[in-house]
Number of protein chains: 2
Amino acid sequence: MTKKLPVYLSKNNGDLWLTEDEREDLKVNYRIKEIVFEGYSDFQHVMILNSYCFGNMLVLDGAVQTTAIDGYIYNEIIAHVPLSIHPDPQRVLIIGGGDCGVAKEVCKYNGVKLIDLVEIDQKVVEVCQKYLPEVSGNLSDSRVRFIYEDGVNFVRNKSLKYDLIIVDSSDPVGPAQVLFEKSFYQSLYNLLRNNGLMVCQSQSPIFHSEIMKQTFNRIKDIFPKTKMFTTIVPTYPGGLWSFTIGSKQYINPDPTKVRQIDTYYVNEQIIKHIFSLPKFMCKQIKVSHSNK
Amino acid sequence: MTKKLPVYLSKNNGDLWLTEDEREDLKVNYRIKEIVFEGYSDFQHVMILNSYCFGNMLVLDGAVQTTAIDGYIYNEIIAHVPLSIHPDPQRVLIIGGGDCGVAKEVCKYNGVKLIDLVEIDQKVVEVCQKYLPEVSGNLSDSRVRFIYEDGVNFVRNKSLKYDLIIVDSSDPVGPAQVLFEKSFYQSLYNLLRNNGLMVCQSQSPIFHSEIMKQTFNRIKDIFPKTKMFTTIVPTYPGGLWSFTIGSKQYINPDPTKVRQIDTYYVNEQIIKHIFSLPKFMCKQIKVSHSNK
């Protein structure tokens with residue numbers, strides 16, 4: 001008797017394939033060497049798949065979240081951009097980020113004293129630490145506190161203030177939808193120190209331009225300073241991905257801050273020019289050149 | 001009796017899908033509204049497919065080349081970067097580029113007097129002018145001379161010198177393979193005026209890093225000045241795409257040159273920071289920060 005395959009997986013001529021429905025009209029198929037882990041957590045279907053193209057991949061409800069081969073790009077960008085803007089970030093809050101990749105990047109700054117990682121799904125943290133060390137770094141830094149709780153509840157009831165909040169959420173469907181609400185960004189504002197800042201992923205400028213614009217405008221309505229930046233994420237639809245910063249005070253990065261940091265993607269040049277947006281994005285979010 | 005579908009197309013629950021084998025281990029499926037054109041030229045299988053995600057797409061031998069929705073990014077980048085570097089480009093040669101998108105961008109510069117477009121496959125030009133106006137712009141500028149000839153032969157036998165040569169080739173398999181040979185770059189060098197420059201697409205830094213490095217090094221061996229830059233191409237594997245410039249004299253762009261040009265992606269900020277490469281690419285091509 002053979003075990004039934006999860007709905008996202010299929011066999012073709014003896015090969016195993018993951019089919020990811022990026023959109024209704026666009027599907028991506030990854031050839032899979034091996035199902036490393038598969039099971040249901042309390043929140044979602046969780047897989048670690050060993051793929052030919054991207055090595056081990058975290059797949060939640062059939063959607064590729066991060067991979068051994070390209071995960072560093074997203075994680076470095078969402079962490080090092082705000083960390084190069086705040087002159088002395090000591091207390092950092094990560095909402096989501098169960099793959100531990102963002103926490104790994106934040107740990108590279110000696111000045112950071114505390115990292116609260118609030119992830120709803122403990123199973124994601126467990127499997128990424130076990131099977132995805134390229135992303136999670138086998139994180140065992142004593143500054144990281146793992147808090148398994150709903151991010152929205154956490155930020156509502158918390159009194160400790162942070163210098164930096166990083167929202168490393170999945171797409172705005174299902175449980176992550178509330179992480180794109182204006183009331184959530186207001187809670188983040190309340191939870192930040194007087195010179196603190198927040199950053200979140202704000203979806204694809206090509207495929208989700210309405211969500212991107214909405215996210216930017218909601219954050220802009222609350223924070224005195226707001227900027228957008230992009231990077232490429234090879235395993236996300238369209239490749240180009242946007243991020244939005246809301247800040248109470250600081251907004252200009254100090255590229256020299258990443259000079260001594262061990263990275264694979266980010267360097268001083270990338271940080272220096274991070275706010276250069278293509279013309280169509282300037283129009284989308286109604287800013288003039290350079291996102292000012 | 002129903003007509004047999006081309007091998008790249010299949011029906012699934014009444015829907016038509018194009019399956020693109022990006023790599024052996026990675027396939028992308030586009031849902032198709034309609035086969036707009038389909039047939040064989042003397043050189044390849046040519047299709048124009050109307051897709052839900054990307055509008056009309058040019059598909060050669062099953063591989064998506066350019067689309068109505070995202071074609072402008074590639075075409076603007078490969079044209080406006082070198083055109084902002086050369087102070088007075090008058091004679092421009094385009095090798096490949098049968099979709100006419102690069103020629104459309106070059107035509108935006110009044111100082112350009114002549115554009116020789118050397119495309120091996122006349123059928124590609126015809127179908128793109130007819131069915132892909134978003135890319136080709138229904139090009140009817142009298143400065144453009146269409147020359148239906150093999151690019152390698154053309155550059156070997158030509159005596160007219162150019163200020164700028166743009167190599168808009170497909171991937172280095174089949175007919176385009178010779179466009180990645182060192183002898184071809186040497187022919188381009190010989191065909192350029194004393195202050196001329198060339199640019200070519202040099203594949204994905206993530207999936208084709210060996211070809212990318214080889215291309216960069218071959219051009220570097222011939223030209224006094226060589227630089228690499230990137231952009232995102234949503235319909236190419238990995239999203240991130242590299243381009244290499246070989247120049248006899250000028251290498252620094254003047255971003256103000258694009259200020260008055262009608263574009264959708266390129267602006268002054270993008271040109272100003274075009275040579276900022278991620279750290280892993282600096283290592284790949286062995287340059288220090290900022291590709292110098």
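Residues numbered from 1 in each chain as written. Chains lettered and ligands numbered in written order. Predicted model: local features only at pLDDT ≥ 70, side-chain atom pairs only at ≥ 80, totals over all residues. Heavy atoms only, no water.

### Some remarks on the relation of the copies chain A and chain B
When chain A is brought onto chain B, the operation consists of a screw motion whose angular component is 180° and whose axial shift is 0.0 Å, with 0.0 Å RMSD remaining. The superposition of one copy onto the other is thereby described by a two-fold rotation axis. When the interface residues of chain A are mapped onto chain B, 100% of them again lie at the interface, so the same face is used by both copies. (Least-squares fit on C-alpha atoms with pLDDT ≥ 70 in both. Contact = heavy atoms within 4.5 Å.)

### Description of the interface of chain A and chain B
Across the boundary between the two partners, chain A contributes 39 residues, which contact 39 residues of chain B. Both faces considered, chain A and chain B share a buried interface measuring about 3600 Å² in area, 62% of it formed by carbon and sulfur atoms. Linking arginine 31 of chain B and glutamate 24 of chain A is a salt bridge whose minimum nitrogen-to-oxygen distance equals 3.7 Å. Between the two partners, chain A and chain B, sit 16 residue pairs in polar contact (both at pLDDT 80 or more). (Buried area = accessible area lost by both parts, 1.4 Å probe. Salt bridge = Lys/Arg side-chain N within 4 Å of Asp/Glu carboxyl O. Polar contact = N/O pair within 3.5 Å; in protein donor to acceptor, adjacent residues only side chain to side chain.)

### A look at the nonpolar core
Of all hydrophobic cores here, the largest spans 106 residues; its most connected members are Val106 of chain A together with Val106 of chain B. Apart from the residues within four sequence positions on either side, valine 106 of chain A is in contact with Ala79, Leu83, Val92, Ile94, Val112, Ile115 and Ile166 of chain A. Of all hydrophobic cores here, the second largest spans 30 residues; its members include Tyr30, Ile32, Cys53 and Phe207 of chain B. (Core = buried A, V, L, I, M, F, W, Y, C linked by side-chain atoms within 4.5 Å. Buried < 20%, exposed > 50% of the residue type's maximum accessible area, 1.4 Å probe, protein only.)

### Points about the domain arrangement of chain A
Residues and elements named next belong to chain A. When its domains are assigned, chain A resolves into domain 1 (9-67) and domain 2 (71-291). Its C-alpha centre places domain 1 at a distance of 25 Å from the equivalent point of domain 2. Counting residues at the interface gives 21 residues for domain 1 and 18 residues for domain 2. Between domain 1 and domain 2 the total buried area reaches about 1800 Å² when both faces are included, carbon and sulfur atoms providing 67% of it. On the surface where domain 1 and domain 2 come into contact, there are 0 salt bridges. In this assembly, domain 1 and domain 2 are joined by 5 residue pairs in polar contact (both at pLDDT 80 or more). Within the residue set of the side of domain 1 that touches domain 2, elements represented by two or more residues are β2 (15-23), β3 (26-40), β4 (45-51), β5 (55-60) and β6 (63-67). Here the side of domain 1 that touches domain 2 is composed, by residue class, of 12 nonpolar, 6 polar and 3 charged. (Domains from an automatic or database assignment. Helix = DSSP H or I, 4+ residues; strand = E, 2+ residues; numbered from the N terminus. Nonpolar A, V, L, I, M, F, W, Y, C, P; charged D, E, K, R; others polar.)

### So, the sheet that holds strand β8 (residues 114-118) of chain A
Residues and elements named next belong to chain A. Read from one edge of the open sheet, 7 strands run β9-β8-β7-β10-β11-β13-β12, paired in mixed fashion. Here the strands that pair on one side only, and so sit at the sheet edges, are β9 (144-147) and β12 (225-232). Pairwise comparison of adjacent strand axes, ignoring direction, gives a mean angle of 15° for this sheet. The sheet contact formed by β8 and β9 spans 4 bridges and is parallel. Opposite leucine 117, over in β9, you have phenylalanine 146 as the bridge partner. Its contacts with the sheet place helix α1 (residues 71-85) against β10 (162-168), β11 (192-201), β12 and β13 (240-247), and it is angled at close to 160° to β10. (Pairing = 2+ DSSP bridges. Axes fitted to C-alpha atoms, helices over the stretch in contact; angles between N-to-C directions.)

### Considerations on the sheet that holds strand β12 (residues 225-232) of chain B
All names here are of chain B. Reading across the sheet, the 7 strands line up as β9-β8-β7-β10-β11-β13-β12 and stay open at both edges, with mixed pairing between neighbours. With partners counted over all chains shown, the strands left at the sheet margins are β9 (144-147) and β12, one partner each. Between one strand and the next, the sheet's axes are offset by a mean angle of 15°, whatever the strand orientation. Examined bridge by bridge, strand β10 (residues 162-168) and strand β11 (residues 192-201) share 5 bridges and lie parallel to one another. The partner of valine 167 across the bridge, within β11, is cysteine 200. Most of the contacts of helix α1 (residues 71-85) go to β10, to which it runs at about 160°, and overall it touches β10, β11, β12 and β13 (240-247). Contacts between helix α6 (residues 182-191) and the sheet are confined to β7 (91-96), β10 and β11, with β11 contributing the most and set at about 145° to the helix.

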